[in-house]
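Here is how the chains run, residue by residue.
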Amino acid sequence: MCLLVESIKVEDGNLLNLDFHNERMARSLSGLFGIKKMPDIGNIITVPEIALKGVFKCRVIYDEKSFNIEFVPYIRRIVSSLAIVHDNNIEYSYKYTDRENINILYDKRGSCDDILIVKNGMITDSSYANVVFRDSNGTWNTPSTCLLHGTRRANMLRNGLIRETEISQRDILQYVEVKLINSMIGLDESEGIPVSEIFLLSDLESKK
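Novice: Provide a residue-level description of the pairing of strand β4 (residues 67-73), including the pertinent values.
Specialist: One ladder, built from seven bridges, connects strand β3 (residues 55-62) with β4; its direction is antiparallel. Across the sheet, residue Ile-61 finds its bridge partner in β4, namely Asn-68. Hairpin connection of β3 to β4: four residues between the antiparallel strands.

Novice: Residues and numbers for the environment of Gly-34, please.
Specialist: With respect to the helices and strands, Gly-34 occurs in the loop between α1 (18-33) and β3. Residue class for Gly-34 comes out partly exposed when judged on its relative accessible area of 44%. Here the alpha-carbon distance between Gly-34 and Thr-139, two residues 105 residues apart in the chain, equals 38 Å.

Novice: So what's going on with the sheet that holds strand β7 (residues 122-123)? Which residues, and what values?
Specialist: Ordered in space as β7-β6-β5-β13, the four strands form an open sheet in which the pairing is mixed. The open sheet is flanked by β7 and β13 (198-200), the only strands paired with a single partner. With three bridges joining them, strand β5 (residues 82-86) and β13 adopt parallel strand pairing. Paired with Ala-83 across the strands is Phe-199, a residue of β13.

Novice: Tell me about helix α3 (residues 151-158), and please be specific about residues and values.
Specialist: Among all positions in α3, only Thr-151, Arg-153 and Met-156 are buried. Residues of α3 that are buried make contact with β1 (4-11), α1, β8 (130-134), β9 (140-143), β10 (163-165) and β11 (177-181). Looking at the residues trailing α3, positive phi occurs at Gly-160, about 70 degrees.

Novice: Pulling in residues and values, what's your account of the layout of surface pockets?
Specialist: The computed volume of the largest pocket comes to approximately 620 Å³. Counting only elements with at least two residues in the lining of the largest pocket, the list comes to β1, α1, β3, β4, α2 (100-106) and α3. Looking at the lining of the largest pocket residue by residue, the class counts come to 15 nonpolar, eleven polar and nine charged. By volume, the second largest pocket amounts to about 150 Å³. Lining the second largest pocket are Arg-152, Asn-155, Met-156, Leu-161, Gly-186, Leu-187, Asp-188 and Glu-189. Tallied by class, the residues present in the lining of the second largest pocket amount to three nonpolar, two polar and three charged.

Novice: Give a detailed account of the sheet that holds β1, specifying residues and quantitative values.
Specialist: Strand order in the open sheet formed by four strands is β2-β1-β3-β4, with antiparallel pairing between adjacent strands. The open sheet has two free edges, formed respectively by β2 (14-15) and β4, since each of these has just one partner strand. In this structure, β1 lies alongside β3, joined through eight bridges in antiparallel fashion. Looking at β3, one finds that Val-5 is bridged to Ile-61. The sheet strands contacting α1 are β1, β2, β3 and β4, and the helix crosses β1 at an angle near 175 degrees.

Rules of the game
Residues numbered from 1 in each chain as written. Predicted model: local features only at pLDDT ≥ 70, side-chain atom pairs only at ≥ 80, totals over all residues. Heavy atoms only, no water. Pairing = 2+ DSSP bridges. Helix = DSSP H or I, 4+ residues; strand = E, 2+ residues; numbered from the N terminus. Buried < 20%, exposed > 50% of the residue type's maximum accessible area, 1.4 Å probe, protein only. Contact = heavy atoms within 4.5 Å. 1 Å grid on protein atoms, 1.4 Å probe; cavity = no way out; pocket = protein on both sides within 12 Å on 5 of 7 lines; lining within 4 Å. Points joined across faces, edges and corners; volume = space filled by probe spheres on them. Nonpolar A, V, L, I, M, F, W, Y, C, P; charged D, E, K, R; others polar. Axes fitted to C-alpha atoms, helices over the stretch in contact; angles between N-to-C directions.

Right under this line is the structure:
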């Protein structure tokens, strides 16, 4: 079985959002391996001196027997356009290191910066983040049909900052913009992408 991974934001030496990372790791270990008890990941990680200033990504790669921890400097990707790609069979309910199926879809993005994955007509995620759509009333909505229940998404839902709802491909034009969120990127840190910058692959082909 493929290894699992958690990507934890480290800001000036502080590990952020640990409760939600612990919850997801516990669900993964229980669902895949039947493990009912695991240690607090915060007690396993020691932040090295190199990561005491600035923003780093702590990658915890694990399975039922082992934990491997690494720290890498974080460089945020700038995304200003999305290509809609369809895959009715894709699954990513656990955060695996193996992203081959997602990478295959990402390679179809054409001239766009990233993709918006549609499964059975419903919006799911981008290639590396959950998505939230802002309506004309200023409410931020995240698809209930996401592939991966992200830790940032879970935090924002619990705190009432976003709401979960069904969003189909046809619903996109009801919204003003979309933002990408993940463990490293909050709503205030993400650039808004106008829905006019979400393209069908057929539209991209016609521009060539």
